Amino acid sequence: MTNGLILPSRALIQSEDASRIRHDYERFRCGMPGEIENYLLETYKLDVSSRYGARRIKNPFGKAAGQLSLNLNQVQGDITAGLGFVVLKTVIAEDDKGVRSMKDWAVKESKMVVSRITGKESGEQGWNVTWQGRGWHGSLASYIEFFKAALELGRGGGTVIVPSCKYHLPGPEERDFQMEEYAYTTRLLEQIWRAAGQEGPLQMEKDFSPTLAGSDKAKQQETVLNWLREVPRRIKNCLPNGSIVLGIKLMNTIFTDNFQIRAFRALLEEGEQRPDYIVYANRLYDQGRRFAGKMGAAYGGPDLSARNLRILTELRSMELRGQLAAPIPALSGTGNVHSGKMALEYALRGAASVQMHTMFQKPGSAYGMRIGTKTERALHELYFHPVTGLVPWMLHLREAKETPDHDGVLSFQAVTEWYRNKGKDYFLA
Ligand SMILES: Cc1cc2nc3c(=O)[nH]c(=O)nc-3n(C[C@H](O)[C@H](O)[C@H](O)COP(=O)(O)O)c2cc1C
């Protein structure tokens, strides 16, 4: 165990498995087989199906909300490539007159730069996207059209599609939440969901983004804690009981790890309603980073996953010691998932899915696959990379007898239960 990671530096697997993975990685450089999940089951006896919120997903890999999920070509490409789920770009809530208090967040991106980044803690090299821009820059009406059409594309494609929204958050000097915006937007999203014949209640994410972490509003800790206590019930109360499965996407605050835990606990323990799942956790924010003539920018890379995994370890440890007033809800991990191995680091801490942005935006030369879309290339790398792929590392867990198989099949879901079974001692140490 080094760098706060659970998995060792090298996978211990049978040599015939290692050569089969190398062979697959090479031959799939020119294109992956269709129905990859069946291939993994038949060839490697790995079941990669899982859950994202309340929905069953065919594999744990999803696209996180952002610039790569804001048009139908992107959504169609992700469905064709075989992602488990796609979270659409975050829309800014409006009331029925088109008023949106968070209009400053409806900004079209004007500059986006993808570059290497070195982790301050580990010295590890990673990738980072720096950009200017925030939420969906168009109206709610235009988002609704996009959402409707995206759900239509997702029908029968086996990829779960969900929306993401940013609602009004009062600053320290404001008294109340703009509930007309909450109600109008949530109800509209739910109507579209139902009209599209989606299975079960509306599933959606509420985004607390790192751009917020840099705003004046979020400089006061009590303000942030109040949002976390209040927002789940404010959203859920807009709809009849049981009509929504709500995911809260937490941001990394600009404060210490202790405050980050405090914030998680406010969400979990102090509100009248809890989220149904938590997306952990949106990027880091550096107030001293200059980008496009402005001070302050969000960033990711190795420091992001290091912080997220550290906090998740601490939270699981508190949960197992009985120190939390409620169990941690379902988790979806986000932040520097650049390999199947990193996806498993989140899964070993109980995340049932992972959602990525940067992994799909690297330059073409950074992938082993020579053709295809970035999503296809990313999946090839995530599953089959001989050193860092999901396949060698799931086989490692089986070989090390860390996770039980059923009839010789190891499931991704069994990995997500490791923390309370074989892995319990790791968290209690
Ligand atoms: C260019 C860009 C735009 C983003 N836009 C959103 C957004 O609209 N809503 C949101 O919830 N997260 C947004 N994010 C955060 C990503 O969804 C993701 O959670 C985060 O980047 C961490 O994952 P990664 O390390 O794989 O990039 C954005 C990230 C980037 C880089």
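Residues numbered from 1 in each chain as written. Predicted model: local features only at pLDDT ≥ 70, side-chain atom pairs only at ≥ 80, totals over all residues. Heavy atoms only, no water.

A.B. asks: Before we move on, can you summarise the overall build of the protein with the specific residues and values?
C.D. replies: When its secondary structure is counted, the protein shows 14 helices and 16 strands. Computed over the C-alpha atoms, the radius of gyration of the protein is 21 Å, within 12% of the 22 Å expected from 2.2 N^0.38 for a compact globule of 429 residues. Seen along its three principal axes, the alpha-carbon backbone of the protein occupies a region of about 65 × 45 × 45 Å. Considering only contacts within the protein whose residues lie at least 6 apart along the sequence, 70% involve residues at least 24 apart. Put simply, the protein shows about 17,400 Å² of open surface, and 47% of that area lies on carbon and sulfur atoms. In the protein, the 56 positive side-chain charges and the 48 negative ones have mean positions that sit 3 Å from each other. (Helix = DSSP H or I, 4+ residues; strand = E, 2+ residues; numbered from the N terminus. Rg over C-alpha atoms; globule rule 2.2 N^0.38 Å. Contact = heavy atoms within 4.5 Å. Areas by Shrake-Rupley, 256 points an atom, 1.4 Å probe, with all protein chains shown as cover. Lys, Arg positive; Asp, Glu negative; His and termini not counted. Charge placed at Lys NZ, Arg CZ, Asp CG, Glu CD.)

A.B. asks: Could you give an account of the nonpolar core, naming the residues involved and the relevant values?
C.D. replies: Core analysis: the biggest nonpolar cluster contains 122 residues, and Phe-61, Leu-344 and Phe-384 have the highest contact counts within it. Not counting residues within four places of it along the chain, the set of residues in contact with Phe-61 comprises Leu-83, Gly-84, Phe-85, Ala-343, Val-354, Met-356, Leu-379, Leu-382, Tyr-383 and Leu-390. (Core = buried A, V, L, I, M, F, W, Y, C linked by side-chain atoms within 4.5 Å. Buried < 20%, exposed > 50% of the residue type's maximum accessible area, 1.4 Å probe, protein only.)

A.B. asks: Please give an account of helix α4 (residues 140–154) that cites residues and values.
C.D. replies: Taking 1.5 Å of rise per residue, 15 residues should cover 21 Å, and α4 covers 21 Å from first to last C-alpha, within 8% of that figure. Along α4, the residues that are buried comprise Leu-140, Tyr-143, Ile-144, Phe-146, Phe-147, Ala-150, Leu-151 and Gly-154. End-on view of α4: buried residues confined to an arc of 165°, all on one side of the axis. Considering only its buried residues, α4 is in contact with α3 (72–81), β5 (85–92), β8 (160–166) and α5 (179–195). One or two residues past the end of α4 sits Gly-156, with phi positive at roughly 75°. (Expected span 1.5 Å × (residues − 1). Arc of directions from axis to C-beta.)

A.B. asks: Would you mind going over the environment of Ile-13 in detail, with residue names and values included?
C.D. replies: Its place among the elements puts Ile-13 in the segment before α1 (15–27). Distance from Ile-13 to Ala-400, taken between C-alpha atoms, is 8.7 Å for residues 387 residues apart in sequence. Leaving out residues up to four positions away in the same chain, Ile-13 has contacts with Ala-18, Ile-21, Pro-392, Leu-395, His-396 and Glu-399.

A.B. asks: Please provide a residue-by-residue account of α1, values included.
C.D. replies: With 13 residues, α1 extends 18 Å from end C-alpha to end C-alpha; this agrees with the ideal 18 Å at 1.5 Å per step. Along α1, the residues that are buried comprise Asp-17, Ile-21, Asp-24 and Tyr-25. When α1 is viewed along its axis, its buried side chains cluster within an angular range of 100° and face the same direction. Set apart from the buried face of α1 by more than 90 degrees, the exposed residues are Ser-15 and Glu-16. The inward-facing, buried residues of α1 contact α2 (36–44), α11 (374–384) and α12 (390–399).

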